Structures are given as structure tokens and as C-alpha cells.
Amino acid sequence: MTERNETSLTSAPTGMGAARGEPLVVLSDVNKHFGDLHVLKDISLSVTRGEVVVVIGPSGSGKSTLCRAINRLEPIDNGTITIDGKELPAEGKELARLRADVGMVFQSFNLFAHKTILDNVMLGPVKAKGIKPAEAKQRAMTLLERVGVANQAAKYPAQLSGGQQQRVAIARALAMQPKVMLFDEPTSALDPEMITEVLDVMTSLARDGMTMVVVTHEMGFARKAADRVIFMDAGQIVEESTPDEFFTNPRSARAQDFLSKLLSH
């Protein structure tokens, strides 16, 4: 297990520093088809509170679909998904309430182009949670400081680099005080020099005990920040182990082949 700093920052999200060891996200026998393509095949996975799970595998293995299914951005065909003991319904207000407990950071930053950086981070707490604007502003500035872009608060997304925009997207997700954060290949749209600044923020979150499910091709991050590595192929979880075990002694032939191709480049 990765060493963690149990002390949380001011306005730390509710996913940080809570009691560890109990299941927070549980998927049981989850299946998903796109037409004739079976993209998730009987997926069962439990993520404990404070755990960082990194999901890796070849393109088309179902990683992003798994990530998006956890908060029902991608509806599932059957099976169950629970967040903190509550099953996610297919739709309605209860889904919206439970989804607020799940922060999501995408490949594309999805910031509102016509709103300032500060307004982007304030919007969710004010509109969805009824937080007073003054409190939401204070929380937003704390989080923008945390991700290193507080000095950009008055600017618009187009005025920021891709790495800065992604850090704002992380702050925006954290502003909702989620119990778990999902990252769907958060650095894949970034230039190489911007990747490190985003991964540094994610590593800091991991250290502070945020429950995280991260789909990524960044093996260095997986080695450094993950408690557990999940290897997917053809819609199935093929292997799961600690980073040390996975990268030094993968058990399955498919994982061995995947890693050998990565290491040969």
C-alpha cells in the first residue's frame, strides 16, 4: 500500500480522511453491450475507501466504459453498482444526488468557455448543492490554489494551457466534495510537458487519501500512486495486483504481452 498523509487540507473533499477499509464503490456482475459488441463482461470490482485503483489495458478493452459506468454516464445492461452502500438507479433525482458524490475528470476538459475559471469551479456547488456564493467562492479559491492555478481565476478557459485547464477541471470536480474521483485518461489530450503537472496534482490527491479510480496509460503514475492495478482486456478484468507485483511479475500472458510492448518503445 502507498504511504498516505492522513491529514486533509482545508475544505478537503469528503472522500478524504474518512474511515478506510470499507467498500465505497462496488460493481457486481456488470454487463454492457454496444450493439453486438460486449464491452463489459460480468465485471465485479470493489474499491475501498481511500484506495487508488488504476485501470490499464489495450485500447478497446473496456477501461473507459467501466469508468463511465460507475456514475451511470454509460448505462449498463445488467448487474449492480453501489456508491457508499446505495445502488445507482437508472435515472431521476436520486441518480443526480448520488452522482454528485462521484467526481469525474475526462480526457477533454469540458469547461464552460463563456465562464471564468472561478465561475467554472463555483457553479456546481451553488447550483446543485445550494451553497451560498461567498462560501462557494472561498472553497473554489482554496481548490484553485491547491491545483496551482489560483492566479488564473479571472481568466477564461481559452486563455489557459491544456494542463492548466485540466487542473481546473480537477478543482471543479473536487468542489462538489465527492466521495470518489473518477479519471478517464485525464492526460491523453495533453502535450508531454503538461502531463507531469496534472499527474502531480493527482498524486497529491492520492497521498491525501482521496478514493480514486484512474484509467490511464501513464505507467509511472500507476507505479507511484496506485494501491492496486487492474488490467483489462476484451471487456474483462484479467488481472489485479499491487503495482510492484504487476510490473515485475505479471501473471497472465496478455498482461505480459501488453507490458513487453510498452517497454519496447
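Residues numbered from 1 in each chain as written. Predicted model: local features only at pLDDT ≥ 70, side-chain atom pairs only at ≥ 80, totals over all residues. Heavy atoms only, no water.

> Describe the overall build of the protein chain, and please don't skip the residues or the numbers.
For the protein chain, the count of helices and strands is nine helices and ten strands. Taking 18 Å as the expected radius of gyration for a compact globule of 265 residues, we find that the protein chain reaches 18 Å, a close match to that expectation. A principal-axis box enclosing the C-alpha atoms of the protein chain has dimensions of 55 × 40 × 35 Å. For the protein chain, buried positions account for 52% of its 265 residues. Considering only residue pairs separated by 6 or more positions, the protein chain has 68% of its internal contacts joining residues 24 or more positions apart. Accessible area of the protein chain: about 11,900 Å², with a carbon and sulfur share of 50%. Measuring between centres, the 30 positive side-chain charges of the protein chain sit 7 Å from its 32 negative side-chain charges. (Helix = DSSP H or I, 4+ residues; strand = E, 2+ residues; numbered from the N terminus. Rg over C-alpha atoms; globule rule 2.2 N^0.38 Å. Buried < 20%, exposed > 50% of the residue type's maximum accessible area, 1.4 Å probe, protein only. Contact = heavy atoms within 4.5 Å. Areas by Shrake-Rupley, 256 points an atom, 1.4 Å probe, with all protein chains shown as cover. Lys, Arg positive; Asp, Glu negative; His and termini not counted. Charge placed at Lys NZ, Arg CZ, Asp CG, Glu CD.)

> Could you give an account of the UniProt feature "domain: ABC transporter" (unreviewed entry) in the protein chain, naming the residues involved and the relevant values?
Per the UniProt record, "domain: ABC transporter" (unreviewed entry) is annotated on residues 25–259. Between the first and last C-alpha atoms of residues 25–259 the distance is 28 Å; the span itself is 39% helix and 26% strand. (UniProt positions renumbered as here; feature names shortened; annotations may be inferred.)

> Go over the packing of helix 3 (residues 117–129) against helix 4 (residues 133–146) with me, naming the residues and quoting the values.
Contact geometry of helix 3 with helix 4 gives a least axis separation of 9 Å together with a crossing angle of 125 degrees. Relative to helix 4, the element helix 3 lies oblique. Viewed along their axes, helix 3 and helix 4 form a crossing whose handedness is right-handed. Residue-level inspection shows I117, L118, V121, M122, P125 and V126 of helix 3 in contact with helix 4, the latter providing P133, A136, K137, R139, A140, M141 and L144. Each residue belonging to the contact of helix 3 with helix 4 can be placed in one class, and the counts come to eleven nonpolar, no polar and two charged. (Axes fitted to C-alpha atoms, helices over the stretch in contact; angles between N-to-C directions. Parallel < 35°, antiparallel > 145°, perpendicular 65-115°, else oblique. Left-handed = near helix turned anticlockwise from the far one by under 90°. Nonpolar A, V, L, I, M, F, W, Y, C, P; charged D, E, K, R; others polar.)

> Requested: an account of the nonpolar core, with residues and values cited.
Membership of the largest hydrophobic core comes to 53 residues, with the highest contact counts inside it found for L144, I170, M181, F183, M202 and M212. For this core, the leading source of residues is helix 6 (residues 192–207), giving eight residues. Once residues within four sequence positions are removed from consideration, M181 is found in contact with G103, V105, I170, A173, L174, M210, T211, M212 and V213. Residues L40, L88, M104 and L182 belong to the second largest nonpolar core, which totals 29 residues. (Core = buried A, V, L, I, M, F, W, Y, C linked by side-chain atoms within 4.5 Å.)

> Talk me through the packing of helix 3 against helix 5 (residues 162–175); I want residue IDs and the actual numbers.
Where helix 3 contacts helix 5, the two axes come as close as 8 Å, and the packing angle between them is 25 degrees. Our classification of the angle between helix 3 and helix 5 gives roughly parallel. Regarding helix 3 and helix 5, the two cross each other, and that crossing is right-handed. Only V168, A171, R172 and A175 of helix 5 make contact with helix 3, whose side of the interface consists of I117, N120, V121 and P125. Broken down by class, the residue content of the contact of helix 3 with helix 5 amounts to six nonpolar, one polar and one charged.

> How would you explain the pattern of salt bridges if you had to name every residue and give the values?
Counted according to the given criterion, the structure contains 13 salt bridges. Notably, a salt bridge pairs E74 with K32, separated by 3.7 Å at the nearest N-O pair. Within this pair, whereas E74 is found in the loop between helix 1 (63–69) and strand 4 (78–83), its partner K32 is found in strand 1 (residues 23–34), the two being separated by 42 residues in sequence. A salt bridge links R167 to E197; the nearest nitrogen and oxygen atoms lie 2.9 Å apart. Taken as a pair, R167 in helix 5 and E197 in helix 6 lie far apart in primary sequence, 30 residues in all. Among the ionic contacts, a cluster of salt bridges with common partners joins E22, R49, D84, D101 and K179. (Salt bridge = Lys/Arg side-chain N within 4 Å of Asp/Glu carboxyl O.)

> So, the environment of V55: which residues are in play, and what are the values?
Assignment of secondary structure puts V55 in strand 3 (residues 52–56). Judged by relative accessible area, which is 0%, V55 ranks as buried. V55 sits 129 residues away from D184 along the chain, and the two C-alpha atoms are 9.5 Å apart. Contact partners of V55, with chain neighbours within four places excluded, come to K63, L66, V213, V214, V215, T216, I230 and M232.

> Give a detailed account of helix 4, specifying residues and quantitative values.
Under the 1.5 Å per step criterion, the end-to-end length of helix 4 is 20 Å for 14 residues, consistent within 8% with the ideal 20 Å. What helix 4 keeps buried is the set A136, R139, A140, L143 and L144. When helix 4 is viewed along its axis, its buried side chains cluster within an angular range of 135 degrees and face the same direction. Opposite the packed face of helix 4, turned more than 90 degrees from it, sit the exposed residues A134, Q138 and E145. Considering only its buried residues, helix 4 is in contact with helix 3 and helix 5. Among the residues trailing helix 4, G148 stands out with phi positive, at a value near 85 degrees. (Expected span 1.5 Å × (residues − 1). Arc of directions from axis to C-beta.)

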